[in-house]
Amino acid sequence: KQEVTQIPAALSVPEGENLVLNCSFTDSAIYNLQWFRQDPGKGLTSLLLIQSSQREQTSGRLNASLDKSSGRSTLYIAASQPGDSATYLCAVAGTASKLTFGTGTRLQVTL
Amino acid sequence: DVKVTQSSRYLVKRTGEKVFLECVQDMDHENMFWYRQDPGLGLRLIYFSYDVKMKEKGDIPEGYSVSREKKERFSLILESASTNQTSMYLCASSGQGLGNTIYFGEGSWLTVV
């Protein structure tokens with residue numbers, strides 16, 4: 001059974017800092033990996049999707065990498081802002097449709 | 001703009017009541033999903049559907065059923081609500097095939113008393 005782990009569970013950084021969020025998964029037979037953002041009491045918003053054949057994806061200040069063989073992904077956020085404060089979740093697709101989620105990293109960016 | 005709409009944001013129901021959670025998507029997506037989210041446990045898949053009238057059990061289907069009579073609508077049913085079903089319920093949809101982004105609704109907070 002696929003298991004997804006995110007470390008750390010919570011992170012606080014000052015504004016402007018670059019940071020890395022980690023995601024690991026136990027079964028490397030995945031179709032893709034997605035990173036999501038969740039604001040308190042809200043649904044999830046997809047940030048980046050990496051296909052199993054890809055190594056990384058970029059969107060603005062966000063860069064996600066994937067090392068399928070080692071079962072790891074990182075989400076890099078450059079020049080963090082208070083508006084980046086949220087919970088970030090990663091999820092892996094073991095079939096074309098089903099996702100297994102990590103429990104998330106709660107990020108606080110302080111002024 | 002892409003939209004997954006969950007009709008009820010906050011519900012309070014009594015133990016034993018039948019509860020319907022409705023979800024509608026406007027993207028003509030084949031796949032629809034129901035998750036629940038609990039602190040420390042993350043999101044867990046209850047049921048999903050890859051076509052009209054088709055459904056498959058997820059990781060925690062016990063105590064739930066679903067209905068998909070039309071492509072755009074996917075309903076989650078709690079036949080007899082219990083206090084351990086108090087949770088945040090999230091509906092999602094995605095297109096068929098690999099590499100499709102999944103879109104989530106805003107969530108429904110259900111409290112069973």
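Residues numbered from 1 in each chain as written. Chains lettered and ligands numbered in written order. Predicted model: local features only at pLDDT ≥ 70, side-chain atom pairs only at ≥ 80, totals over all residues. Heavy atoms only, no water.

Caption draft 1: Region of interest: the packing of aromatic side chains. By the definition in use, this model includes eight aromatic pairs over all chains. With a centroid separation of 6.1 Å and 25 degrees between ring planes, the pair formed by Phe33 of chain B and Phe48 of chain B is classed as stacked. One end of the pair, Phe33 of chain B, is in strand 4 (residues 31-38); the other, Phe48 of chain B, is in strand 5 (residues 42-49), and 15 residues separate them in sequence. The class for Phe33 of chain B is buried, based on a relative accessible area of 0%. Each member of the aromatic cluster is reached from another via a ring pair, and the members are Phe36 and Phe101 of chain A together with Phe33, Tyr35, Phe48 and Phe104 of chain B. (Phe/Tyr/Trp six-rings, centres within 6.5 Å; stacked < 30°, edge-to-face > 60°. Helix = DSSP H or I, 4+ residues; strand = E, 2+ residues; numbered from the N terminus. Buried < 20%, exposed > 50% of the residue type's maximum accessible area, 1.4 Å probe, protein only.)

Caption draft 2: The arrangement of the sheet that holds strand 7 (residues 62-67) of chain A in detail. Residue and element names in this part refer to chain A. With respect to topology, five strands assemble into an open sheet ordered 1-3-8-7-6, the strand pairing being antiparallel. Each edge of the open sheet carries a strand with a single partner, namely strand 1 (4-7) and strand 6 (56-59). Pairs of neighbouring strands in the sheet enclose a mean axial angle of 15 degrees, with direction left out of account. In this structure, strand 1 lies alongside strand 3 (residues 19-25), joined through four bridges in antiparallel fashion. Counterpart to Thr5 in the pairing with strand 3 is Ser24. (Pairing = 2+ DSSP bridges. Axes fitted to C-alpha atoms, helices over the stretch in contact; angles between N-to-C directions.)

Caption draft 3: Layout of the interface of chain A and chain B. The interface is formed by 20 residues belonging to chain A together with 23 residues belonging to chain B. For the pair chain A and chain B, the two sides together bury roughly 1700 Å², of which 59% comes from carbon and sulfur. Across the contact surface, chain A and chain B share one salt bridge. In this assembly, chain A and chain B are joined by three residue pairs in polar contact (both at pLDDT 80 or more). Elements with a minimum of two residues in the side of chain A that touches chain B: strand 4 (32-38), strand 5 (44-51) and strand 10 (99-101) of chain A. Among the residues forming the side of chain A that touches chain B, the class breakdown is eight nonpolar, ten polar and two charged. (Contact = heavy atoms within 4.5 Å. Buried area = accessible area lost by both parts, 1.4 Å probe. Salt bridge = Lys/Arg side-chain N within 4 Å of Asp/Glu carboxyl O. Polar contact = N/O pair within 3.5 Å; in protein donor to acceptor, adjacent residues only side chain to side chain. Nonpolar A, V, L, I, M, F, W, Y, C, P; charged D, E, K, R; others polar.)

Caption draft 4: A look at the environment of Gly16 of chain A. Tracing the sequence through the fold places Gly16 of chain A in the loop between strand 2 (10-14) and strand 3. Here the alpha-carbon distance between Gly16 of chain A and Thr110 of chain A, two residues 94 residues apart in the chain, equals 9.3 Å.

Caption draft 5: Here's a closer look at unusual backbone geometry. Omega for the bond connecting Ile7 of chain A with Pro8 of chain A falls within 30 degrees of zero, at 0 degrees, which places this linkage in the cis form. Within the secondary structure, Pro8 of chain A sits in the loop between strand 1 and strand 2. With a phi angle near 60 degrees, Asp28 of chain B is a residue other than glycine that sits in the positive phi range. Looking at the secondary structure, you find Asp28 of chain B in the loop between strand 3 (19-25) and strand 4. A relative accessible area of 54% places Asp28 of chain B in the exposed class. For Lys53 of chain B, which is not a glycine, the phi torsion comes out positive at approximately 65 degrees. With respect to the helices, strands and loops of the structure, Lys53 of chain B is situated in the loop between strand 5 and strand 6 (56-57).

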